[in-house]
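Inside the fold
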Amino acid sequence: MNNKLLISLFDYTGNASEPYHKAGWDIIQVDIKLGIDITTLDCRDCLNQYGYMQPEIGIIAMIPCTDYALSGAKHFKEKDLDGRTAQSQKLVAKTKQIIDFFFVRGLLKFWQVENPMSRIHKLNPWLGEVKLKFDPCDYAGYDPIPENSRYNKKTWLWGNFNIPEKKRIEPITKDNPGWKNLGGKSERTKELRSITPLGFAYAFYQFNH
C-alpha cells in the first residue's frame with residue numbers, strides 16, 4: 001500500500017485506471033457490473049485502510065451517458081418525464097458527494113468527469129464548462145498499440161486536472177467504429193462503445209499523477 005489512491009468510477013473494463021495500476025497506485029474500481037454499487041460506496045471505508053496516513057487521491061468518473069448524450073436528444077423529453085433522467089442524476093449526485101468528501105479534507109489531487117457530447121453539465125452546473133474536447137486519435141501516440149486509438153469519437157471532460165498534450169495520429173477511418181461496426185442497443189454494445197481508449201488513458205496519467 002502506498003500513499004496514492006485512484007477512485008475510478010463506472011470503470012467496468014479497467015482501461016481508464018490501467019496506467020495508474022501499472023504505476024503502483026492503489027485502485028478502487030467501481031462499477032455495478034463488478035459488484036460494486038457507487039450508491040453504497042462509503043468514502044470513509046476508502047480511507048480506513050490507510051490508518052493515519054493521508055493518501056493523495058485522484059477521481060475519474062465515466063458516468064453513463066444514456067440520458068445525457070446529445071446523440072439521443074430527441075428522447076430527452078420522454079426520459080425527463082418517465083424518471084430515467086432522475087435515476088441518472090442520482091449517479092451524478094453521488095459522484096459529486098465523493099469528490100466533495102475528499103476535496104474538503106485536502107486529499108484530492110485531481111478529478112475528472114467524462115461523457116460524449118452531452119447535456120450533463122447543463123443539468124449539473126457544479127461541473128462547470130467543458131474543460132477538454134477530444135477524439136481518441138488525438139492521443140493515439142500514447143497508446144501501447146496506437147492503431148487501437150486511431151478513430152473519432154468526440155469526448156468531453158469536466159473537472160480539475162492538467163490537460164494532456166496531444167499526440168495525434170490521423171484516424172484510420174473517418175467514421176467512429178463504435179457506431180459503424182456495433183449496431184443495436186444491447187448492453188454489450190453499450191459497453192464496447194464506452195470503453196476508454198488507452199491512448200487517452202495513458203496521456204491523462206502522464207499529466208495527472
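Structure first, text after, so check above.
Residues numbered from 1 in each chain as written. Predicted model: local features only at pLDDT ≥ 70, side-chain atom pairs only at ≥ 80, totals over all residues. Heavy atoms only, no water.

1. Digging into the overall build of the chain
Assigned secondary structure in the chain consists of eight helices and six strands. In the chain, the order of α-helices and β-strands from amino to carboxyl end is β-α-β-α-β-α-α-β-α-β-β-α-α-α. Relative to its 209 residues, the chain shows a buried fraction of 47%. Taking as baseline every contact in the chain between residues at least 6 positions apart, the subset at least 24 positions apart corresponds to 70%. If you sum the accessible surface of the chain, you get close to 10800 Å²; carbon and sulfur atoms cover 53% of it. (Helix = DSSP H or I, 4+ residues; strand = E, 2+ residues; numbered from the N terminus. Buried < 20%, exposed > 50% of the residue type's maximum accessible area, 1.4 Å probe, protein only. Contact = heavy atoms within 4.5 Å. Areas by Shrake-Rupley, 256 points an atom, 1.4 Å probe, with all protein chains shown as cover.)

2. Some points on the packing of aromatic side chains
Considering all chains together, one arrives at 14 aromatic pairs under this definition. Their ring planes at 55° and their centres at 5.5 Å tell us that F161 and F204 sit as a pair that is tilted. On the criterion of sequence distance, the pair formed by F161 in the loop between β6 (155-160) and α6 (177-180) and F204 in helix α8 (residues 198-207) is long-range, its members being 43 residues apart. Of the two residues examined, F161 and F204, each falls in the buried class. Clustering of aromatic rings is evident, with ring pairs tying together Y20, W25, F110, F134, Y139, Y142, F161, F200, F204 and Y205. The ring of W126 has K96 sitting right over it, with the charged end atom 5.9 Å from the ring centre. Seen from the ring of W156, K133 lies directly overhead, with NZ or CZ sitting 4.6 Å from the centre. (Phe/Tyr/Trp six-rings, centres within 6.5 Å; stacked < 30°, edge-to-face > 60°. Lys NZ or Arg CZ within 6 Å of the ring centre and 35° of its normal.)

3. A word on the side chain of N15
Residue position: N15 is located in the loop between β1 (4-9) and α1 (18-22). Owing to a relative accessible area of 16%, N15 belongs among the buried residues under this scheme. When near neighbours in sequence (up to four residues on either side) are disregarded, N15 contacts I195, T196, L198 and A201.

4. Concerning a nonpolar patch on the surface
A contiguous nonpolar patch, built from Y12, L34 and I36 and spanning about 230 Å² of accessible area, is present on the exposed surface. Here Y12 is to be found in the loop between β1 and α1. A residue is classified by how much of its surface remains accessible, and Y12, at 34% relative accessible area, is partly exposed. (Patch = residues over 30% accessible without salt bridge, like charges linked within 9 Å, V, L, I, M, F, W, Y side chains within 5 Å. Salt bridge = Lys/Arg side-chain N within 4 Å of Asp/Glu carboxyl O.)

5. Overview of the nonpolar core
In this structure, L9, I57, I59 and F102 are the most contacted members of the largest nonpolar core, which totals 49 residues. For this core, the leading source of residues is α8, giving six residues. Not counting residues within four places of it along the chain, the set of residues in contact with L9 comprises V30, I38, L41, I59, I60, A61, M62, T95 and I98. (Core = buried A, V, L, I, M, F, W, Y, C linked by side-chain atoms within 4.5 Å.)

6. Observations concerning helix α4 (residues 84-104)
The periodicity of an α-helix, 3.6 residues per turn, causes residues three or four places apart in sequence to face the same way. Along its 21 residues, α4 runs 31 Å from first to last C-alpha, staying within 8% of the 30 Å computed at 1.5 Å per residue. Three or more residues of α4 are buried, namely T85, S88, V92, K94, T95, I98, I99, F101 and F102. Of the surrounding secondary structure, the elements contacted by the buried residues of α4 are β1, α2 (43-48), β3 (56-61), α3 (76-82), β4 (108-116) and α5 (120-123). Looking one or two residues past α4, G106 carries a phi angle of roughly 70°, positive in sign. (Expected span 1.5 Å × (residues − 1).)

7. Describing the sheet that holds strand β2 (residues 26-30)
Pairing is mixed across the open sheet formed by six strands, whose spatial order is β2-β1-β3-β4-β6-β5. Pairing within the sheet leaves two strands with one partner each, and these edge strands are β2 and β5 (132-134). Direction aside, neighbouring strands of the sheet carry axes that sit 15° apart on average. With six bridges joining them, β1 and β3 adopt parallel strand pairing. If you follow L6 over to β3, its bridge partner there is G58. Along the sheet, α8 makes contact with β3, β4, β5 and β6, crossing β4 at roughly 155°. (Pairing = 2+ DSSP bridges. Axes fitted to C-alpha atoms, helices over the stretch in contact; angles between N-to-C directions.)

8. A word on the pairing of β3
In terms of burial, β3 is largely enclosed, as five of its six residues are buried. Summarising the sheet, β3 and β4 pair through five bridges and their orientation is parallel. Residue pairing across strands places I60 opposite Q112, the latter belonging to β4.

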